[in-house]
Amino acid sequence: MSTFSKKHLLGIKDITSDDIELVFETADNFKAIINRPIKKVPSLRDITVANIFFENSTRTRISFELAQKRLSADIVNFSASSSSVSKGETLIDTVNNILAMKVDMVVMRHPAPGACVFLSQHIGANIINAGDGTHEHPTQALLDAFSIREKLGSVRGKKVAIVGDITHSRVALSNIYALKKLGAEVMVCGPTTLMPKYIGSLGVKVEHDLMKALNWCDVANMLRIQLERQDNKYFPSLREYSMLYGLNKERLDKLDKEIVIMHPGPINRGVEITSDVADSKHSIILNQVENGVAVRMAVMFLLAGQG
Ligand code: NCD
């Protein structure tokens, strides 16, 4: 059996397409397990995992925690607002203290891009990046690509449009790396002000007209406007954004084909996507959430095997 090439999952940029395929094959097995009446396996028994969240999270934190419980790991949860970080403790001190408690694996979300790389250079535990600022969110990209593979049979050759706040979204960057490594064609769509200048160098098409993007793609991944990361006004109003870039039923009805609709959550209903589309049969948003648990089980299982 092949093994994962890295000790940590810091970003999709550093891993290979073989690593991604290995995660998918492992996740297929775990998905079958978590749909059985007895959902728990002993694969991570005796492994202690610390979930360290310096930024808000609902879905990702619960998904990791559930994945750890299904694998029988011991868990310590730590969130910045209820910890000594609010008393001025530095990241490395916080983590050293947690490691003194003999933690084997750390799942961390942090507002600073590169925070997980920094951590991996200082401590021996396996590190999983659960989102580092505007940089990467690797497990989200893995579960997104896994969900496309499940829905359409494979990722290779599929046309995926990523729509919205490309500049501030870590989901966008990790998705671009993952989809390109798996042989998909990728287009980013959004207003010029929310599009990084270098984006074309990642080998993606750039489009500013939503209808053109929708006509081109097999899958549309609708991203949230990351208002909490915007220190400037990047567009006149949410209403105008929604008129130009919001996905609604009228737009979908104009297409001469059916496309798959994705969203990483949390959804701002009525901004990037209307409720009728988010809840329609074209949407795989809840499948993404379900697959998140199996994919995170796979990642933790494979990294634990790396020591
Ligand atoms: C994303 C994130 O935190 O980057 N959410 C998630 O992890 N499911 C996307 C977002 O916040 O818009």
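Just so you know, these numbers come straight off a predicted model, no measurement behind them. Here the residue index of a chain counts from 1 through its sequence in written order. Local features are withheld for residues below a pLDDT of 70 in this predicted model, meaning they are given only at 70 or higher, and side-chain atom pairs are given and counted only at 80 or more; totals for whole chains, interfaces and linings count all residues. Side-chain figures throughout are based on the complete set of non-hydrogen atoms in the structure, without hydrogens or water.

(A) Here's a closer look at the sheet that holds strand 3 (residues 105-110). The pairing criterion for strands is at least two bridges between them, as found by DSSP. Helical segments are the DSSP runs of H or I of at least four residues, strand segments are the runs of E of at least two, and each set is numbered from the N terminus. The parallel open sheet is built from four strands, whose spatial order is 2-1-3-4. Sheet topology places strand 2 (74-79) and strand 4 (126-132) at the edges, where each strand pairs with a single neighbour. Each adjacent strand pair in this sheet contributes to an overall mean axis angle of 15 degrees, direction not counted. The pairing of strand 3 with strand 4 spans five bridges and is classified as parallel. Within strand 4, the residue paired with Val106 across the bridge is Ile127. For every element, the axis is a line fit to its C-alpha atoms; helices are fit only across the contacting stretch, and the angle between N-to-C directions ranges from 0 to 180 degrees.

(B) Quick peek at the packing of aromatic side chains. Ring pairs are drawn from Phe, Tyr and Trp, using the six-membered ring of Trp, whenever the two centres fall within 6.5 Å, and their geometry is named by plane angle: stacked under 30 degrees, edge-to-face over 60, tilted for the rest. Under the counting rule described, the total for this entry stands at five aromatic pairs. Look at Phe235 and Tyr241: their rings are 5.4 Å apart centre to centre, the planes differ by 45 degrees, and that puts the pair in the tilted class. As far as burial versus exposure is concerned, Phe235 and Tyr241 are alike and both buried. Pairwise contacts between aromatic rings join Phe235, Tyr241 and Tyr245 into one cluster. Between Arg296 and the ring centre of Phe64, over which it is positioned, the NZ or CZ distance is 4.9 Å. Think of it in three bands: residues with accessible area under 20% of the maximum for their type are buried, residues over 50% are exposed, and the middle band is partly exposed, with areas taken using a 1.4 Å probe on protein chains only. Definition used: whenever NZ (Lys) or CZ (Arg) falls within 6 Å of the ring centre and also within 35 degrees of the ring normal, the charge is taken to sit over that ring.

(C) Focus on the pairing of strand 3. Counting buried positions along strand 3 yields six of six residues, so the element is predominantly enclosed. Alternating positions in strand 3 separate into two faces, Met105, Val107 and Arg109 on one and Val106, Met108 and His110 on the other, with burial throughout. Two strands pair when backbone bridges link them, and strand 1 (residues 48-53) and strand 3 are joined in this way by five bridges, in the parallel orientation. When the bridges of strand 3 are listed, Ala50 appears paired with Val106. The path from the first strand over the helix to the second decides the hand: if it runs clockwise while the strands point away from the viewer, the crossover is right-handed. Assessed by its sense of winding, the connection that carries the chain from strand 3 through helix 4 (residues 115-122) to strand 4 is right-handed.

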